[in-house]
Amino acid sequence: MKKIYIVAMLFTVFLLSGVEPLWKNISDGGAGKKIFYLPQFSEFKEISNQDMLFFKKIQAKAEKEKALAVILELDTPGGSVDTALKYISLFAKSKVPLVVFLNPQGISAGMIIALGADRIAINPLGVIGDAMPVQQQGGKIRPIADKSRSGQEQKNKNIQNEKNVKKETAVDKNIAEKILEELQKHQENSDNREEQALADQKFLTVFYKVMELLAEKNNRPVKIIRAACDPYIELKKDIDGIEHKSGSPLTLSAKEALKPGVVDYIAGDRTELLHELGIPRAELVEIKKDGFEQIISFLSHPVLSGLLLTLGFIGIFIEIRTPGFGVSGTLGILCIVMFFFGHVASGASEWGAMVIFFVGLVLLLLEIFLIPGFGIVGILGGGCIIFSLLSAFGAGNFNTGLKVVVLSMLAVLILCIILYMYVLPKSKFFGRFMLTASSGEMDGAAVGSGIENAIASGTEGVTLTPLKPAGRVNFAGQIVEGRSYDGSVIAENTAVVAVRSTPFEIEVKPVERS
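Note that the structure is predicted; figures quoted are calculated from it, not measured. (Residues numbered from 1 in each chain as written. Predicted model: local features only at pLDDT ≥ 70, side-chain atom pairs only at ≥ 80, totals over all residues. Heavy atoms only, no water.)

## Focus on the overall build of the chain
Turning to step 1, where the next piece is worked out: Tallying secondary structure elements over the chain gives 19 helices and 17 strands in all.
Turning to step 2, where the next piece is worked out: Sorting the 514 residues of the chain into buried and exposed places 50% on the buried side.
Turning to step 3, where the next piece is worked out: Across the chain, contacts joining residues at least 24 apart in sequence account for 65% of those joining residues at least 6 apart.
Turning to step 4, where the next piece is worked out: Accessible area of the chain: about 25,400 Å², with a carbon and sulfur share of 58%. (Helix = DSSP H or I, 4+ residues; strand = E, 2+ residues; numbered from the N terminus. Buried < 20%, exposed > 50% of the residue type's maximum accessible area, 1.4 Å probe, protein only. Contact = heavy atoms within 4.5 Å. Areas by Shrake-Rupley, 256 points an atom, 1.4 Å probe, with all protein chains shown as cover.)

Here's what the structure looks like:
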């Protein structure tokens, strides 16, 4: 499972780094120092990979300008665990102290992100918790939980206090490598229930450990944090300061979270937050998305990415089916460029992916129009195109990229068939360029409309255009679309013979004269 590898990677980062807090030497009210404030640009929305990449840019900018800290505002019901863990990975490597301001909600993945920060603040009306991981399976969302742990057995296995956890986390650094080796043995997407349960347990083992390490990093109550992730943890008022029965993940109000130290501050707005942080005199630099950044977020969204790919390939297909190079080809190439531009500008990939795409496209076109048959050049071209499309999404978004590319290619295939058979031949604009069957005063029937019966195998004709491998062929006054039978190039004014008729074209080969 992809999530397992990401969590295990983070586990390694925290073990080897010693999870030391970055918040140091903040004094004199922060006078003359910058605080980068990254607001949430829309209310109460799920975390997204696009926002994570934008945060990555701001984090780099803050480090470059030696900002005092970065404040990330969140108001979220949750979102992808993968994305939350990517945030955590960025936090772990940050050279600038980070504050997460839950304004007001930090549910599910929002809590996971907040725990990775050096300080957590929350709106007085805010809520934090319910960080139990879930998985989408078969169109349904199911919780990832250890179902074998329940009832009295689980009550007897609640985690110990923070002192015991510290001893537990001070293990040999090789434990991370051992966990990774163990996790890699498991095959993804198993249909076997026992294997699925084992995979869940392995994921949860590492996930819970990372949550405990995040809690310990800033002296937060480990058991309470664990209860927000694990529905089988029970808390007692006299021991833990909070009463909570097992059976559901813990969710806390702002006041409930402040008392045991789950959050550090309660603040109604950013000004109050600066006072709580002890830096009221710091210069608050609010980050805003300009028009360019909004366009980038729009272009890199998976839905629009898929649409751009579909339109791009449709445009290229129409251009191949018509002579010259015109509007459809230009629009198709433009859509492809916009697809790559959105992902490159968002930070998901580099320009190399687009270069590989066009190298692959050139190879594919060479195979179609110049090189006889379909061989290694065409295969390399297709491989380059698929590789480039997946690379555009970045290594961390392989699953998303795979879904978008597969669905786009299916849409392209279906639309190309519809266009070729039903739309383009009847279009007034494209009908002028479509290779049609015509004879005498015939207005022209589209290829595939009666041609199978009109031209029998063995009928001789003459090429009116070069066949590379397709072009026009004249069979006794009837002009149809012909294609070289073996994919070879046939010159203009060459005598050919019909070998086979298809609903779309006539396959021909040069006449062999004895």
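That covers the picture; the talk isn't over yet.
## Describing the packing of helix H2 (residues 49-64) against helix H3 (residues 81-93)
Turning to step 1, where the next piece is worked out: Their axes nearest at 10 Å, the elements H2 and H3 cross at an angle of 5 degrees. Viewed along their axes, H2 and H3 adopt a mutual orientation that is roughly parallel. Across the interface between the two elements, Asn 49, Asp 51, Met 52, Phe 55, Lys 56, Gln 59 and Glu 63 of H2 pack against Thr 83, Lys 86, Tyr 87, Leu 90, Phe 91 and Lys 93 of H3.
Turning to step 2, where the next piece is worked out: Residues of the contact of H2 with H3, tallied by class, amount to 5 nonpolar, 3 polar and 5 charged. (Axes fitted to C-alpha atoms, helices over the stretch in contact; angles between N-to-C directions. Parallel < 35°, antiparallel > 145°, perpendicular 65-115°, else oblique. Nonpolar A, V, L, I, M, F, W, Y, C, P; charged D, E, K, R; others polar.)

## Regarding unusual backbone geometry
Peptide bonds are mostly trans, and most non-glycine residues show a negative phi.
Turning to step 1, where the next piece is worked out: Put simply, Asn 103 and Pro 104 share a cis peptide bond, and its omega is 5 degrees.
Turning to step 2, where the next piece is worked out: Here Pro 104 is to be found in strand E3 (residues 98-107).
Turning to step 3, where the next piece is worked out: For Lys 66, which is not glycine, the phi dihedral falls at a positive 55 degrees.

## Description of the pairing of strand E15 (residues 478-484)
Turning to step 1, where the next piece is worked out: For E15, a buried count of 5 out of 7 residues is recorded, marking the element as mostly surrounded by other parts of the structure.
Turning to step 2, where the next piece is worked out: Inspection of the sheet shows strand E14 (residues 470-475) paired to E15 by 6 bridges, in the antiparallel sense. Counterpart to Ala 470 in the pairing with E15 is Arg 483.
Turning to step 3, where the next piece is worked out: What sits between the antiparallel neighbours E14 and E15 is a turn of 2 residues, in which Ala 476 has the positive phi angle 55 degrees.
Turning to step 4, where the next piece is worked out: Sheet topology places E15 next to strand E17 (residues 506-510); 3 bridges connect them, and they run parallel. (Pairing = 2+ DSSP bridges.)

## Things to note about the nonpolar core
Turning to step 1, where the next piece is worked out: Phe 55, Phe 91, Ile 113, Ile 128 and Val 262 are the most contacted members of the largest nonpolar core, which totals 62 residues.
Turning to step 2, where the next piece is worked out: In terms of nonpolar packing, the next biggest core, distinct from the first, is built from 28 residues, Leu 299, Leu 309, Ile 385 and Tyr 420 among them. (Core = buried A, V, L, I, M, F, W, Y, C linked by side-chain atoms within 4.5 Å.)

## What about the sheet that holds strand E13 (residues 460-463)?
Turning to step 1, where the next piece is worked out: Read once around its circumference, the closed barrel built from 5 strands follows the order E13-E14-E15-E17-E16, with strand pairing classed as mixed. Recorded for the sheet is a direction-independent mean angle of 55 degrees between the axes of neighbouring strands.
Turning to step 2, where the next piece is worked out: Here strand E16 (residues 495-501) runs beside E17; their pairing, made up of 5 bridges, is antiparallel. Paired with Arg 500 across the two strands is Glu 507, which belongs to E17.

## Some words on the packing of aromatic side chains
Turning to step 1, where the next piece is worked out: Inspection of the entire model under this criterion finds 12 aromatic pairs.
Turning to step 2, where the next piece is worked out: An angle of 70 degrees between the planes, with centres 6.0 Å apart, marks the rings of Phe 41 and Phe 54 as edge-to-face. Here the residue Phe 41 occupies a position in the loop between strand E1 (34-38) and H2, and Phe 54 occupies one in helix H2, the gap between them amounting to 13 residues.
Turning to step 3, where the next piece is worked out: Relative to Phe 358, the ring of Phe 357 has its centre 5.2 Å away and its plane inclined at 90 degrees; by these criteria the two rings are edge-to-face.
Turning to step 4, where the next piece is worked out: Note on Phe 357: relative accessible area 0%, which makes it buried.
Turning to step 5, where the next piece is worked out: The partly exposed category is assigned to Phe 358, whose relative accessible area is 24%. (Phe/Tyr/Trp six-rings, centres within 6.5 Å; stacked < 30°, edge-to-face > 60°.)

## Remarks on helix H13 (residues 291-299)
Note on helix geometry: an α-helix contains 3.6 residues per turn, so any two residues three or four positions apart are oriented the same way.
Turning to step 1, where the next piece is worked out: When H13 is considered as a whole, its buried residues turn out to be Glu 293, Ile 296, Ser 297 and Leu 299. All buried residues of H13 lie within an arc of 165 degrees about the axis, which places them on one face of the element. (Arc of directions from axis to C-beta.)

## With respect to a nonpolar patch on the surface
Turning to step 1, where the next piece is worked out: Together, Leu 413, Ile 414, Leu 415, Ile 417, Ile 418, Met 421, Tyr 422 and Val 423 make up a nonpolar patch on the protein surface, roughly 720 Å² of accessible area in all.
Turning to step 2, where the next piece is worked out: Within the secondary structure, Ile 418 is located in helix H18 (residues 398-423). (Patch = residues over 30% accessible without salt bridge, like charges linked within 9 Å, V, L, I, M, F, W, Y side chains within 5 Å. Salt bridge = Lys/Arg side-chain N within 4 Å of Asp/Glu carboxyl O.)

## Let's talk about the environment of Ile 113
Turning to step 1, where the next piece is worked out: Along the chain, the position of Ile 113 falls in helix H4 (residues 109-115).
Turning to step 2, where the next piece is worked out: Classification of Ile 113 by relative accessible area gives buried; the value is 0%.
Turning to step 3, where the next piece is worked out: Along the sequence, Ile 113 and Val 100 sit 13 residues apart, while their C-alpha atoms lie 8.0 Å from each other.
Turning to step 4, where the next piece is worked out: Residue contacts for Ile 113: discarding those within four places in its chain leaves Ile 47, Leu 72, Leu 74, Ala 84, Tyr 87, Ile 88, Phe 91 and Val 100.

## Details of empty space enclosed by the protein
Turning to step 1, where the next piece is worked out: Per the counting criterion, the structure on display carries 3 cavities of 30 Å³ or more.
Turning to step 2, where the next piece is worked out: A volume near 150 Å³ is recorded for the largest cavity.
Turning to step 3, where the next piece is worked out: Considering the residues around the largest cavity, the lining is formed by 13 residues, among which Gln 40, Asp 51, Leu 72, Leu 74 and Tyr 87 are closest to the centre.
Turning to step 4, where the next piece is worked out: Contributions of two or more residues to the lining of the largest cavity are made by H2 and strand E2 (69-76).
Turning to step 5, where the next piece is worked out: Top element by residues in the lining of the largest cavity is E2. It accounts for 3 residues. (1 Å grid on protein atoms, 1.4 Å probe; cavity = no way out; pocket = protein on both sides within 12 Å on 5 of 7 lines; lining within 4 Å. Points joined across faces, edges and corners; volume = space filled by probe spheres on them.)

## Considering the confidence of the model for the chain
For residues with low pLDDT, the predicted coordinates do not support detailed interpretation.
Turning to step 1, where the next piece is worked out: The pLDDT averaged across the chain works out to 78; a share of 74% of its residues lies at or above 70.
Turning to step 2, where the next piece is worked out: Looking across the chain, the model is least confident in strand E12 (residues 445-446), with a mean pLDDT of 37, and most confident in strand E9 (residues 265-266), with 96.
Turning to step 3, where the next piece is worked out: This model gives residues 150-190 a pLDDT under 50, and the stretch forms 55 contacts once residues within four places in sequence are excluded.
Turning to step 4, where the next piece is worked out: Low confidence marks residues 432-453, where pLDDT is under 50. Its contacts with residues over four positions away, or in another chain, come to 44 contacts. (pLDDT = per-residue confidence, 0-100.)

## Here's the deal with the pairing of E13
Turning to step 1, where the next piece is worked out: Sheet analysis places E13 next to E16, joined by 3 bridges and oriented antiparallel. Counterpart to Gly 461 in the pairing with E16 is Val 496.
Turning to step 2, where the next piece is worked out: As paired elements, E13 and E14 share 2 bridges and run antiparallel to each other. Bridge assignment links Thr 463 to a residue of E14, and that residue is Val 473.
Turning to step 3, where the next piece is worked out: Hairpin remark: E13 followed by E14, antiparallel, with 6 residues in the connecting loop.

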